[in-house]
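# A look at the structure
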Amino acid sequence: MVRIGVPIRKLTHWNIEFRRRVRTRKDLERKISLSPAEIEFFDRLEASQNKAVQEQAARESGSGTTGVPGGIIPLAVPNYYLSLLGSDPADPLRLQCIPRVEEWEAGPLETEDPLGDRMYSPVSRLVHRYRDRALLLVTDQCVMNCRFCFRRHFVGKTQGTIRQSELDHVIDYLKTHPEVKELILSGGDPLSLSDERLFAIVDTLRFHRPGIVLRVSSRLPVVLPSRITRRFAYQMRSRQPFWFVLHVNHPRELAPEADLALKRLADAGVPLLSQTVLLRGVNDDVQTLEELFRSLTARRVKPYYLFHADLARGTSHFRVPLERGMDLVRGLKSRLSSLALPGYALDLPGGGGKVSLMDSPPMREEEGEWIFLSPEGQEYRYPKE
Ligand SMILES: *Cc1c(COP(=O)(O)O)cnc(C)c1O
Ligand code: SF4
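Figured I'd write up the structure that's included with this text. Everything numeric here is computed off the predicted structure, so don't read it as measured data. (Residues numbered from 1 in each chain as written. Chains lettered and ligands numbered in written order. Predicted model: local features only at pLDDT ≥ 70, side-chain atom pairs only at ≥ 80, totals over all residues. Heavy atoms only, no water.)

With that out of the way, let us pick up the state of the cysteines. What the rule picks out here adds up to zero disulfides. Free of any disulfide, Cys-97 has its nearest cysteine sulfur in Cys-146, 8.7 Å distant. Assessed through its relative accessible area of 0%, Cys-97 is described here as buried. (Disulfide = S-S within 2.5 Å. Buried < 20%, exposed > 50% of the residue type's maximum accessible area, 1.4 Å probe, protein only.)

A few words now on the site of ligand 1. Neighbouring ligand 1 are the residues Val-127, Arg-129, Tyr-130, Arg-133, Ile-184, Arg-215, Tyr-304, Tyr-305 and Lys-354. Measuring from an oxygen atom of ligand 1, one finds a side-chain N or O atom of Lys-354 at 3.0 Å. For ligand 1, the cavity whose grid points lie within 2 Å of the majority of its atoms is the largest pocket. Sorting the residues of the shell around ligand 1 by element identifies strand S1 (126-130) and strand S7 (302-308) as the ones contributing at least two each. Broken down by element, the shell around ligand 1 gets its largest block of residues, three residues, from S1. Here the shell around ligand 1 is built from residues that sort into five nonpolar, no polar and four charged. (Near = heavy atom within 4 Å. Polar contact = N/O pair within 3.5 Å; in protein donor to acceptor, adjacent residues only side chain to side chain. 1 Å grid on protein atoms, 1.4 Å probe; cavity = no way out; pocket = protein on both sides within 12 Å on 5 of 7 lines; lining within 4 Å. Sits in = over half its atoms within 2 Å of the grid points. Helix = DSSP H or I, 4+ residues; strand = E, 2+ residues; numbered from the N terminus. Nonpolar A, V, L, I, M, F, W, Y, C, P; charged D, E, K, R; others polar.)

Let us look at the environment of Pro-361. Take Pro-361: it is sitting in the loop between strand S9 (353-356) and strand S10 (364-366). Judged by its relative accessible area of 41%, Pro-361 is partly exposed. For the pair Pro-361 and Leu-346, spaced 15 residues apart in sequence, the C-alpha to C-alpha distance is 10.0 Å. Residues within four places of Pro-361 in sequence aside, it is in contact with Met-326, Ser-356 and Phe-372. (Contact = heavy atoms within 4.5 Å.)

Attention now moves to the packing of helix H6 (residues 164-176) against helix H7 (residues 195-208). Packing of H6 against H7 leaves a shortest axis separation of 10 Å and a crossing angle of 30 degrees. Comparing their axes, H7 and H6 come out roughly parallel. In this structure, H6 meets H7 at a crossing whose hand is right-handed. Side by side, H6 and H7 meet where Leu-167, Val-170, Ile-171, Leu-174 and Lys-175 of the first sit next to Ile-201, Thr-204, Leu-205 and His-208 of the second. Among the residues making up the contact of H6 with H7, the classes are represented as six nonpolar, two polar and one charged. (Axes fitted to C-alpha atoms, helices over the stretch in contact; angles between N-to-C directions. Parallel < 35°, antiparallel > 145°, perpendicular 65-115°, else oblique. Left-handed = near helix turned anticlockwise from the far one by under 90°.)

Right, let's get into the sheet that holds S10. Two pairing modes exist for strands in a sheet, parallel and antiparallel, and in both the strands are linked by backbone hydrogen bonds. Strand order in this open sheet of three strands is S10-S11-S12, and the pairing throughout is antiparallel. Each end of this open sheet is capped by a strand with a single partner; those strands are S10 and strand S12 (379-383). Strand after strand, the sheet turns through a mean of 35 degrees between neighbouring axes, direction not considered. With five bridges connecting them, strand S11 (residues 369-373) and S12 associate as antiparallel partners. The residue of S12 that forms the bridge with Glu-369 is Pro-383. (Pairing = 2+ DSSP bridges.)

A few words now on the pattern of salt bridges. Per the counting criterion, the structure on display carries 32 salt bridges. Across the salt bridge formed by Glu-365 and Lys-384, the nearest N and O atoms sit 3.1 Å from each other. Remark: Lys-384 occurs in the segment after S12 and Glu-365 occurs in strand S10; sequence separation between them is 19 residues. Salt bridges linked by common partners bring Arg-364, Glu-366, Glu-369, Glu-379 and Arg-381 together as one network. (Salt bridge = Lys/Arg side-chain N within 4 Å of Asp/Glu carboxyl O.)

All right, on to the pairing of strand S3 (residues 182-187) then. Within S3, five of the six residues are buried, leaving the element largely enclosed by the surrounding structure. Pairing between strand S2 (residues 133-139) and S3: six bridges, direction parallel. Looking at the pairing, Leu-135 lines up with Ile-184 of S3.

Residues Leu-183, Leu-205 and Phe-244 are the most contacted members of the largest nonpolar core, which totals 103 residues. In terms of residue count, the dominant contributor to this core is helix H10 (residues 256-268) (six residues). Once residues within four sequence positions are removed from consideration, Leu-183 is found in contact with Leu-126, Ala-134, Leu-135, Leu-136, Leu-174, Leu-205, Ile-212, Val-213, Leu-214 and Arg-215. Val-127, Leu-135, Leu-137 and Phe-154 belong to the second largest nonpolar core, which has five residues in total. (Core = buried A, V, L, I, M, F, W, Y, C linked by side-chain atoms within 4.5 Å.)

Take a look at the structure:
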C-alpha cells in the first residue's frame, strides 16, 4: 500500500511562502496598521489566553491546550494575500482574513458545528450525508484561515493530516458502501499538503475504489497561487475524473497570479468549478457578484454554488438576511447566462442538508425565523435577520 505521511523532501517556492505566512499579531502589525475593531479582537484573545494559562497553572494539569478558545480560529494569512488588501478596514479582502472583535459575539442559534458534520460521520474524517457522495476531511490545516469559516470545530485545531489508520477505516467504509460514487476531498484545505502526501492519499483511495469520482475543494489558487505548479496540474489530470472546486468570494481575488494558477489547471484539462459564500460587506451586491461570476466564466471556471452563510459561532457580522440574498440572486438571474449563474443554496442548520433557495424557498415565517421543509420532510429553522 502507498504510504502516507512522507516527509517533505525539498522546499519549493510555495512551501517557503506557506511557512512564512503571518500567524501572530506582532507579525501582522509589522505589515498593516490595525483598526480599533481588529485591535480589540487581539486584546480579548490575549486576555483569554492569559486567563487560560493561569487556570492551567492552578490545575497543574498538562492537558496541552493551544491557548485559543473554542470557536476562535487562529490567525493565518499568506503574505501574497496581504499584498492584495486595501488600506480601508472595510476592504472586502481584509474582512475575510483579519479578525475583528465581533468574532467574540455568538449570535442566537450559532454553533461550532452548524451543519451537523459530526452527526453524519460514520468513521473519523468522513461525512456521509447524501447517499451517493461523501466528504473526506483530509487535513484541518488551511493556508489562510477565513474569518467566516463554518468548519470552525475542525479547522486549525490539533487533528492535523489524516493518519494511516484513519485512512484505512475510511477505505473499509467506502469498500462496503459502493453506493458512494463521489468523494469530495475537503478540510481544511487539502492543498496545504505536499503533492506527495495528497496524491498518495488519492492513489490509495483510487486503488481500493477505482472509478470513484473525486473532487478537491481548495482556496489556494486565490490565496497562494504559487501552490498550483504545472506539475500539480498534470498530476491532477493524470488522476481523472478529478474535479477542482475553487473557493473564491471576490473579483479582486482573481489577480494575475491567480489567473495563471487557473490557466495551468484548465490547460492541463482539469475541470473547474467554483463556490462562493455570500458575505456582508464582501460580496453582497449585484455588481460585485456579477463581476465575480463573469470573471470566473472567462477563466474557464463554472460558477457552481453561491452559499448562504451558515450559523457558525461568531460570524453574525458576515451574515446577509435571507430575503436580501434571494433578491440579489433574482437580480443576477436577469443579468447572467445559466453558464455564469451558480445555484444559491443553504445548508439547513443541524444537519438538514442543502436546499436550493430558488427552487425550494422557505415555506413560511414564524417568530422571526424562516421555516424550511427538508427533502426528508422535516422542518428546520433559520433566523430572519
Ligand atoms: C455539499 C456537500 C456534498 C456535495 O453536494 P453537491 O450538491 O453534490 O455538491 C456532499 N457531502 C456533504 C456533507 C456536503 O455538505
Ligand atoms: S479555506 Fe475553507 S476550510 Fe479553510 S478557513 Fe477558509 S473557509 Fe475554512
